[in-house]
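Residue-level listing of the chains:
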Amino acid sequence: MSRVLVLNSGSSSVKYRLLSGDERLASGMVERIGEAGSPVADHGAALKAVAAELADRGFGLDSPELTAIGHRVVHGGKTFTEPTLITDEVIKKIEELVPLAPLHNPANLAGIEIARRLRPDLPQVAVFDTAFHSTISPAAATYAIDRQVAERLSIRRYGFHGTSHAYVSREAALAVGRPLGNVIVLHLGNGASASAVSAGRCLDTSMGMTPLEGLVMGTRSGDLDPAVVLYLGRTGGMSLDEIDTLLNRRGGMLGLCGDNDMRVVEKRLAAGDPDARLAFSVYCHQLRKYIGAYYAVLGTVDVIAFTGGVGENSSLVRETALAGLEALGIAVDPVRNRRGDRLISTGDAAVKVAVIPTDEELEIAHQTLEVISRTNRG
Ligand SMILES: Nc1ncnc2c1ncn2[C@@H]1O[C@H](COP(=O)(O)OP(=O)(O)O)[C@@H](O)[C@H]1O
Ligand SMILES: CC(=O)OP(=O)(O)O
Ligand SMILES: [Mg+2]
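Residues numbered from 1 in each chain as written. Chains lettered and ligands numbered in written order. Predicted model: local features only at pLDDT ≥ 70, side-chain atom pairs only at ≥ 80, totals over all residues. Heavy atoms only, no water.

As annotated in an unreviewed UniProt entry, the protein carries the name Acetate kinase and comes from Streptosporangium album. In UniProt, the protein has this text filed under Subunit (unreviewed entry): "Homodimer." Listed in UniProt under the heading Catalytic activity (unreviewed entry), the comment for the protein reads: "acetate + ATP = acetyl phosphate + ADP". (UniProt positions renumbered as here; feature names shortened; annotations may be inferred.)

As structure tokens, this is what we get:
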């Protein structure tokens, strides 16, 4: 049985999972990398901690049974539209994409470099967040700005969370018996994005050139009038770095009500807190707008799939975002929804609504093995 180690290196954490086939042998997370007072100084130290944890559990990184290592890489730009065997050349190209994803790609690269140093003999594969969205049409991918400027600077919609959208859209379509159907996927985690998928191909997605566009997120604003950025600079006297922080790290639910954890927001909401009520309604309103937009993009919808920490757990978000849409064939059964069923639509609704736990690590492991068997076949 093939054994794959999956590494998801974020800016301040490394998540890992060791799989034998689909079976999870070990998994965990090293957090607070580089933070003040943290014992984990950098990604090198984090990877060492991961290796030590694995060794403790009897799965040392030096094991000859390990077949491959799969890495999440957030931005593949226009260069990478498929999972790719990592070579020096590939690393160079991922480095060239750092300006498009300054928070994410350097962390991914650190993970790759250290893993290659530890196991230079093993095939390693990069699985890109952007890849699944490479099928979106020019109409959906192009921003209406000067075309030469956009071309020169590679400005377009790339989309993110692609591994999750690919996995969840497939699982959702299978769950309702329409493997070639039309699916709206709502990935609602700390970062959040929506996608419109038809017969396994992504037609549109809410994140853009960077993971800032689209839905309201834990700490990111999502959509806003781009002139707000100009105004913040010219009239608000803020620097570009300050605006970046305001929109990416201090926006979203955190900016609206001071809490980015949806569980806390819901508790405050239940206690009648007006700031939490506004934040929650902004979140759900934006979500509802994207559901309507992607309904129109797809023409017909077989299933709406909720995933991610919020999508999988918040019956209130699901019920609020989909309320009053019976004319579109959408109706949530309140009992199924609150009970946590996999299918939460009413029996007679034309559009099925499903709750599908995402599994990015499993999908990365599958794609890693696919690349390796393709490479071996030559
Ligand atoms: N029971 C719950 N009810 C509402 N929100 C929840 C619940 N459990 C987790 N969440 C929310 O899920 C979000 C984190 O989602 P997750 O997918 O784990 O994040 P990440 O994008 O970091 O992987 C947080 O906002 C958290 O509050
Ligand atoms: C790309 C992105 O937004 O990822 P995350 O949700 O993990 O921050
Ligand atoms: Mg997640």
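Chemist: Just give me the short version of the site of ligand 1, but keep the residues and values in it.
Modeler: The full set close to ligand 1 counts 14 residues, and Asn-190, Asp-261, Met-262, Gly-309 and Asn-313 are the nearest of them. Residue Met-262 places a main-chain N or O atom 2.9 Å away from an oxygen atom belonging to ligand 1. At a separation of 3.4 Å, a nitrogen atom of ligand 1 approaches a polar side-chain atom of Asn-313. Protein contact buries 70% of the 580 Å² of open area that ligand 1 shows by itself. (Near = heavy atom within 4 Å. Polar contact = N/O pair within 3.5 Å; in protein donor to acceptor, adjacent residues only side chain to side chain. Areas by Shrake-Rupley, 256 points an atom, 1.4 Å probe, with all protein chains shown as cover.)

Chemist: Lay out the site of ligand 2 in plain terms, naming residues and giving numbers.
Modeler: Around ligand 2, a shell composed of Arg-72, Val-74, His-104, Asp-129, Phe-160, His-161, Gly-191, Met-207, Pro-211 and Arg-220 is seen. His-161 places a side-chain nitrogen or oxygen 2.7 Å from an oxygen atom of ligand 2. In this structure, Arg-220 approaches ligand 2 through a side-chain N or O atom, which is 2.7 Å from an oxygen atom. Contact with the protein chains covers 81% of the free accessible surface of ligand 2, which is 260 Å². Per-class residue counts for the shell around ligand 2 are four nonpolar, three polar and three charged. (Nonpolar A, V, L, I, M, F, W, Y, C, P; charged D, E, K, R; others polar.)

Chemist: Let's hear about the pairing of strand β1 (residues 3–9): which residues, and what values?
Modeler: Within β1, seven of the seven residues are buried, which leaves the element mostly enclosed by the surrounding structure. Residues Arg-3, Leu-5, Leu-7 and Ser-9 of β1 are buried on one face, and the alternating residues Val-4, Val-6 and Asn-8, pointing to the opposite face, are buried as well. Taken together, the seven bridges between β1 and strand β2 (residues 14–20) define a ladder with antiparallel strand orientation. What sits directly across from Leu-5, in β2, is Leu-18. The turn joining β1 and β2, which pair antiparallel and follow one another in sequence, is formed by four residues. As judged from the five bridges shared by β1 and strand β4 (residues 66–73), these two strands associate in the parallel manner. Residue Leu-5 lies in a different strand from β4, and its bridge partner there is Ile-69. (Buried < 20%, exposed > 50% of the residue type's maximum accessible area, 1.4 Å probe, protein only. Helix = DSSP H or I, 4+ residues; strand = E, 2+ residues; numbered from the N terminus. Pairing = 2+ DSSP bridges.)

Chemist: Tell me about the sheet that holds strand β6 (residues 124–128), and name the residues and values.
Modeler: The sheet built from six strands is open, its strands ordered β3-β2-β1-β4-β6-β5 with mixed pairing. Two strands in the sheet have a free side with no partner beyond their single neighbour: β3 (23–30) and β5 (84–85). Bridge count between β2 and β3: seven bridges; the pairing is antiparallel. Paired with Tyr-16 across the strands is Gly-28, a residue of β3.

Chemist: Provide a residue-level description of the pattern of salt bridges, including the pertinent values.
Modeler: Overall, the coordinates contain 22 salt bridges when judged by the stated rule. Salt-bridge contacts for Glu-35 lead to Arg-32; the nearest nitrogen and oxygen are separated by 3.1 Å. On the accessibility criterion, Glu-35 (36% relative accessible area) is partly exposed. For Arg-32, a relative accessible area of 42% gives the class partly exposed. Residue Glu-82 is joined to Arg-374 by a salt bridge in which the shortest nitrogen-to-oxygen separation is 3.6 Å. Residue Glu-82 is found in the loop between β4 and β5, and its partner Arg-374 is found in helix α15 (residues 360–377); the two are separated by 292 residues along the sequence. Through salt bridges with shared partners, a single ionic network connects Arg-17, Asp-359 and Glu-361. (Salt bridge = Lys/Arg side-chain N within 4 Å of Asp/Glu carboxyl O.)

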